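Observations on chain architecture
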Amino acid sequence: MAARLFVAWQVVWGLVAFVAMGHDKRLAAQPGQRIPERNLHRLETWGGWAGSLAAQQIFRHKTRKATYQRTFRRIALAWIMAGVLLGGLHFAMQFYI
């Protein structure tokens, strides 16, 4: 159950982050206000890191900005480690239940 919830959480926030990155890319092409990077990172922190990664590659957005990538990679690594930990716990529980 926890694993399914974890995946569902990632999918929902991933879609939100993907749309936000795409929207920010469109806003970048015209003068005016953009989505602040802290808000994009906030979406990644909430679980949208995979959607953000996909959007970065598809829209070619924020891929060369080193400061953005440094923060993004830390967030993604934290979520990957959480997924591995949860997966390991789920696997271990198969033997004890």
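Before reading on, note that the structure itself is shown above.
Read on for a plain summary of the structure. (Residues numbered from 1 in each chain as written. Predicted model: local features only at pLDDT ≥ 70, side-chain atom pairs only at ≥ 80, totals over all residues. Heavy atoms only, no water.)

With that settled, the discussion passes to the pattern of salt bridges. For the structure on display, the rule yields three salt bridges. Its salt-bridge partner being Glu37, residue Lys62 comes within 3.0 Å of it at the nearest N-O pair. Of this pair, Lys62 sits in the loop between α2 (37-59) and α3 (66-96) while Glu37 sits in helix α2; the two residues are 25 residues apart in sequence, bridging distant segments of the chain. Judged by its relative accessible area of 22%, Glu37 falls in the partly exposed class. With a shortest N-O distance of 2.5 Å, Lys65 and Glu37 are connected by a salt bridge. Separated by 28 residues along the polypeptide, Lys65 in the loop between α2 and α3 and Glu37 in helix α2 bring together distant segments of the chain. (Salt bridge = Lys/Arg side-chain N within 4 Å of Asp/Glu carboxyl O. Helix = DSSP H or I, 4+ residues; strand = E, 2+ residues; numbered from the N terminus. Buried < 20%, exposed > 50% of the residue type's maximum accessible area, 1.4 Å probe, protein only.)

What follows is about α3. The end-to-end C-alpha separation of α3 is 45 Å, in line with the 45 Å expected for 31 residues at 1.5 Å each. Tyr68, Gln69, Phe72, Ile75, Ala76 and Trp79 are the residues of α3 that are buried. Elements that come into contact with the buried residues of α3 comprise α1 (2-28) and α2. (Expected span 1.5 Å × (residues − 1). Contact = heavy atoms within 4.5 Å.)

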